[in-house]
Amino acid sequence: MVGQIITTEEARGKPVSDLFQALASRREGLTQSEAQNRVQTYGYNEIPEKKENPIIKFLNYFWGPIPWMIEAAVVISAVIQRWEDFAIISSLLLINAIVGFWQERQAGNAIEMLRERLALEARVLRDGKWQKLQARELVPGDIVRIRLGDVVPADIMFIEGDYLSADESALTGESMPVEKQVSDVGYSGSIVKQGEMTGLVVSTGQNTLFGKTARLAEEAVTVSHFQKAVIKIGDYLIILAIALVSITLIVSIFRQENLLDTLQFALVLIVAAIPAAMPAVLSITMAVGAVALARKEAIVSRLVAIEEMAGVDILCSDKTGTITENSLTLSDIVPFEAATKEEVLLDAVLASREEDQDPIDMAIITSEQGKDLQERLAAYNVLNFQPFDPVNKRTEAAIEDKEGNHFKVAKGAPQVILQLTGGSGDLKERIDELSNAFAKEGFRMLGVARSSESGTWVYTGVLGLHDPPRADSAATIKTAQGMGLEIKMVTGDHVAIAREIAREVNLKPDIVTADAFLNEHDAEAGEIVEKADGFAEVFPEHKYRIVSLLEGRGHIVGMTGDGVNDAPALKKADVGIAVAGATDAAKSAASIVFTKPGLSVIIDAIQESRKIFQRMNHYVVYRITETIRVLFFVTLSILLFNFFPITALMIVLLALLNDIPIMTIAYDNVIYSKSPEKWQMREILTLSTIFGFVGVVFSFTLLYIAQGPLHLSLPVIQSLIFLKLAVAGHLTIFVTRTRGPFWSIRPGSALLWSAIVTKVIATLIVVYGIFVTPIGWYLAGFVWLYALVGFLALDFIKVEAYNIIDHSGIRFSR
């Protein structure tokens, strides 16, 4: 029995018992077999993504300005009965479609894999046991547990618990959290800000309020700063290509040359010059990079986050769990009044709950002293438990002992417990002294209190908890500093604890508290935050201010976080980083989510993102260089010498042979930059222009040799020039991929072998006259030798050019 299909609106106001009956459910939850049957009726708890038919998607590659130009060239080839041209240009059209379709599919697969890794989980009561399942497996009738930081996984009715506060702004636009109690409805997609309750799933997937009102099947595509810059470059090259080809076309018509031949040539020259594959190459490079990052336990929520991460120059890192181990141990107990150490610890254990797996609770419960109390705990019954929340900053439990006496226990921040108990001035001084003493040892202090049956609270004592730095933190921070990355530690702990931890991991000790910048004007506060080495006694809401101030000073900021209150800062940061164990709310707000704890995994991800940026940078330099080299050489040859140096068919073959190796640049070997990556537009355009015109000079020199000393015929010269452009074009890849000499970084196997294979194919085409005039092995060998000399000359010019414009002052020896 699967129960009725009930809408959220119908469930609102319905008695809980009636809802259980209507959904054929019970407080013990569903069995696994019942849930499986309900999946068949209700479907999975997800909003189905509208997927385009792959055949339609493939056919779209034959529609648009670039395909139209190629198709027009195909038609003209058929009209003038040049069937070799017809076959090759048709092949170009088909290969462009296949490669584009494959690249988009690869990028889509990578994004799908990332989505699966980021899938929300839910705590579900199945087969009488609480277990974690993917939220998509929830069905109406399931019993779920919702707590602080969770994203509500479906529309539910709360059936048990004291209260819960939920942020429903994404659904209703209401900025203030909404308080929920038993019989209230919680909506899918809302974020729990306080409290903990149990709920009965009413509606899933498209039947939820979120599903009906939003229908957000997929996230809107975000274009990064890098992609915008690359698109501008593409637009510039398109305008340049159309302008030069138009001049060529007009001059040819003025010279009364065959109109169809000239038009065919003009069309294929535009196609060869325009970087139509640029967006696809960038997408696949980032998609491959995203998969590589996922292997390092770093999952990007969107591909453009990779480029943003490469530019981070300040990383604001949480102390707990990132710089430290997040494995708290109970190090000291100091009792107050007439209490003993054992009594203080007993109160602390009673104010903890093992099933929540909270690190502080577990440190107290699993300590050696805590284990010794297990027999005494049997005499107490927990009537009610209020978990920690960021507002109250304490846990509290109502207890009944075996004699029937009632009292309460609480644990939390020392000042919060002091305020709860209304402690005297002497006690405040004692707590301050202990806090400073504990902090100098690197201990975190926790206050413990007990109330009498009449409700009077007594401060029974404090606990000292120690969270040591990770073994690799000091070395990782040194590596980060060598990468031009500044680490600023962020913690809610006492400033003395922060300074002690900073000392242990070789960070500078200039740690400031939130008070230092909260009440200052932006200019003064920005300077304080920029100069500080870390921040102590910081609440999650202060992180937003830190990020805002640093970004206002021109920095690219990465901010780590794990809690629901960290979400605004994670969204605000250039790169929001959800650390291992983060709440669903933090994961949803972050650009990148880590599934492995520690600072080293974050630094590894930054290194990897810089490598990905390098590959994209190398491709852009190559693409501009090739466009300038071919376009200017061909155009100037026609305008100045009334000479077509290559045929339309050769241009198509050149485009095919040059584009194939560059696809593999996504797998190339690179060395990450020792400084944050920035889009150096002036440098790229300068270098590309130099490289391109060096190629033009070498092409004209070969043309002079072929016409002069060698006295070759026009068809042979065209084959000779084609081979030179093909071989030199492939070699240009190996020039642009390094800042130093071409041998300074070994190329990736895929890039190397694809270039070799395509060069061999180009050589065989001209040697044996496949679609072109044959030139034989002697002239082919001469072209190879000439292209290699040009390659070495270009590499020398590149190194010298980088030495001039590189502000780092590093010179590469030859």
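Further up the page is the structure itself.
Residues numbered from 1 in each chain as written. Predicted model: local features only at pLDDT ≥ 70, side-chain atom pairs only at ≥ 80, totals over all residues. Heavy atoms only, no water.

**Student:** Any chance you could break down the overall build of the protein for me, citing the residues and the numbers?
**Tutor:** Check the secondary structure of the protein and you find 32 helices and 22 strands. Looking at the 814 residues of the protein, the share that counts as buried comes to 53%. In the protein, of all internal contacts separated by at least 6 residues, the share reaching a separation of at least 24 is 71%. Total accessible area on the protein stands at roughly 35,500 Å², and carbon and sulfur atoms take up 57% of it. (Helix = DSSP H or I, 4+ residues; strand = E, 2+ residues; numbered from the N terminus. Buried < 20%, exposed > 50% of the residue type's maximum accessible area, 1.4 Å probe, protein only. Contact = heavy atoms within 4.5 Å. Areas by Shrake-Rupley, 256 points an atom, 1.4 Å probe, with all protein chains shown as cover.)

**Student:** Could you give an account of the side chain of D533, with specific residues and numbers?
**Tutor:** If you trace the backbone, D533 turns up in the loop between α23 (522-531) and β19 (534-536). The buried charged residue D533 lacks any salt bridge, with K508 as its nearest oppositely charged partner at 5.3 Å. Setting aside anything within four residues of it in sequence, one finds D533 in contact with I487, K488, M489, K508, P509, D510 and I511. (Lys, Arg positive; Asp, Glu negative; His and termini not counted. Salt bridge = Lys/Arg side-chain N within 4 Å of Asp/Glu carboxyl O.)

**Student:** Tell me about the pattern of salt bridges, and name the residues and values.
**Tutor:** Applying the stated rule across the entire model yields 22 salt bridges. A salt bridge links K411 to D361; the nearest nitrogen and oxygen atoms lie 2.6 Å apart. Of this pair, K411 sits in strand β14 (residues 406-412) while D361 sits in helix α15 (residues 359-365), placing them 50 residues apart in sequence. Comparing K411 with D361 shows no difference in burial state: the two are buried. Linking R503 and E500 is a salt bridge whose minimum nitrogen-to-oxygen distance equals 2.7 Å. Within this pair, R503 and its partner E500 are both found in helix α21 (residues 495-504), separated by 3 residues, close to a single helical turn. Given a relative accessible area of 54%, R503 falls into the exposed group.

**Student:** Any chance you could break down the nonpolar core for me, citing the residues and the numbers?
**Tutor:** By size, the foremost hydrophobic cluster in this structure holds 74 residues, and its most contacted members are I646, I721, F722, L723 and I775. Of the residues forming this core, the biggest block, 13 residues, is contributed by helix α30 (residues 714-736). Setting aside residues up to four positions removed in sequence, I775 forms contacts with V716, S719, L720, L723, V766, V767 and A780. Counting residues in hydrophobic clusters, the runner-up holds 40 residues, among them V312, I577, I603 and Y672. (Core = buried A, V, L, I, M, F, W, Y, C linked by side-chain atoms within 4.5 Å.)

**Student:** Report on the sheet that holds strand β13 (residues 394-401), specifying residues and quantitative values.
**Tutor:** The sheet built from 6 strands is open, its strands ordered β11-β16-β15-β14-β13-β12 with antiparallel pairing. Two strands close off the open sheet at either side, each with one partner strand: β11 (329-335) and β12 (380-386). Geometrically, the sheet is characterised by an average inter-axis angle of 25° between neighbouring strands, direction not taken into account. Two strands pair when backbone bridges link them, and strand β15 (residues 443-451) and strand β16 (residues 457-466) are joined in this way by 9 bridges, in the antiparallel orientation. Across the sheet, the residue bridging to V448 is G461, located in β16. Strand contacts of helix α14 (residues 341-350): β11, β12, β13, β14, β15 and β16, with the helix running at about 125° to β11, the strand carrying the most contacts. (Pairing = 2+ DSSP bridges. Axes fitted to C-alpha atoms, helices over the stretch in contact; angles between N-to-C directions.)

**Student:** Which residues make up the packing of aromatic side chains, and what values do they have?
**Tutor:** Each aromatic ring pair is summarised here by two numbers: the centre-to-centre distance and the angle between the ring planes. If you walk through the whole model with that rule in mind, you get 11 aromatic pairs. Aromatic side chains Y768 and W777 sit 6.1 Å apart centroid to centroid with 85° between the ring planes, which places their arrangement in the edge-to-face category. Given the relative accessible area of 51%, W777 is considered exposed. In this structure an aromatic cluster arises from ring pairing among F698, F782 and Y786. For the cation-ring pair, R450 lies above F407, with the distance from its terminal atom to the ring centre recorded as 4.1 Å. (Phe/Tyr/Trp six-rings, centres within 6.5 Å; stacked < 30°, edge-to-face > 60°. Lys NZ or Arg CZ within 6 Å of the ring centre and 35° of its normal.)

**Student:** Give me helix α20 (residues 473-482): which residues, what numbers.
**Tutor:** For α20, every residue scored as buried is listed here: S473, T476, I477 and A480. Across the axial projection of α20, the buried residues extend over an arc of 100°, all falling on one side. For α20, the elements touching its buried residues are α13 (319-323), β17 (486-490) and α27 (599-641). In the segment just after α20, G484 is the residue with positive phi, at about 75°. (Arc of directions from axis to C-beta.)

**Student:** Just give me the short version of a nonpolar patch on the surface, but keep the residues and values in it.
**Tutor:** A grouping of W753, I756, V760, L764, Y768, I770, F771 and W777 is seen on the molecular surface, where their side chains present a nonpolar patch of about 820 Å² in accessible area. In terms of residues, the nonpolar patch owes the most to one element, helix α31 (residues 749-768), which gives 5 residues. The residue Y768 is located in helix α31 in this model. Residue Y768 is classed as exposed on the basis of its relative accessible area of 54%. (Patch = residues over 30% accessible without salt bridge, like charges linked within 9 Å, V, L, I, M, F, W, Y side chains within 5 Å.)

**Student:** An account of the environment of L702 is needed here, citing residue identities and associated values.
**Tutor:** In this fold, L702 is placed in helix α29 (residues 681-707). Separated by 18 residues in the primary sequence, L702 and L720 place their C-alpha atoms 8.8 Å from one another. Not counting chain neighbours up to four residues away, the residues in contact with L702 comprise L720, I721, K724, F782 and Y786.

**Student:** An account of the sheet that holds strand β21 (residues 575-578) is needed here, citing residue identities and associated values.
**Tutor:** The 8 strands are arranged β9-β22-β21-β20-β10-β17-β19-β18 in an open sheet whose pairing can be described as mixed. Edge positions in the open sheet fall to β9 (298-300) and β18 (511-513), since each of these has one partner strand only. Shown here is a sheet whose adjacent strand axes are inclined to one another by a mean of 20°, direction ignored. Across 3 bridges, β9 lies against strand β22 (residues 592-594) in antiparallel orientation. By the bridge assignment, I299 is partnered in β22 with V593. In the packing of α21 onto the sheet, contacts are made with β17, β18 and β19, and the angle to β18 comes to roughly 160°. Sitting on the sheet, α27 touches β9, β10 (314-318), β17, β20 (557-561), β21 and β22, and the angle it makes with β10 is about 155°.

**Student:** Residues and numbers for unusual backbone geometry, please.
**Tutor:** Peptide bonds are mostly trans, and most non-glycine residues show a negative phi. Unusually for a residue other than glycine, A24 sits at a positive phi of about 50°. Within the element layout of this structure, A24 appears in the loop between α2 (16-22) and α3 (32-42). Since its relative accessible area comes to 17%, A24 is described here as buried. Despite not being glycine, D127 has its phi angle at roughly 55°, a positive value. As for its position among the elements, D127 is in the loop between β1 (121-126) and β2 (129-134).

**Student:** Give me the lowdown on α23, citing residues and values where you can.
**Tutor:** The complete set of buried residues in α23 reads A525, G526 and V529. All buried residues of α23 lie within an arc of 100° about the axis, which places them on one face of the element. More than 90 degrees from the buried face of α23, the exposed residues found are A523 and K531.

**Student:** Requested: an account of the pairing of strand β8 (residues 191-203), with residues and values cited.
**Tutor:** Extensive coverage of β8 is indicated by the burial of 11 of its 13 residues. In the sheet, strand β3 (residues 143-147) pairs with β8 via 5 bridges, with the strands oriented antiparallel. Among the inter-strand pairings, V144 is bridged to a residue of β8, identified as G199. Inspection of the sheet shows strand β4 (residues 155-160) paired to β8 by 5 bridges, in the antiparallel sense. Bridge pairing in β8 places E160 opposite T198. Here strand β5 (residues 164-167) runs beside β8; their pairing, made up of 4 bridges, is antiparallel.

**Student:** Which residues make up the side chain of E677, and what are the values?
**Tutor:** Looking at the element boundaries, E677 is found in the loop between α28 (648-662) and α29. R610 provides the closest opposite charge to the buried, salt-bridge-free E677, at an N-O distance of 6.1 Å. A polar side-chain atom of E677 sits 2.6 Å from a polar atom in the side chain of Q614. Excluding residues that lie within four positions of it along the chain, E677 makes contacts with A310, G311, R610, F613 and Q614. (Polar contact = N/O pair within 3.5 Å; in protein donor to acceptor, adjacent residues only side chain to side chain.)

Keep in mind these values describe shape, not function.
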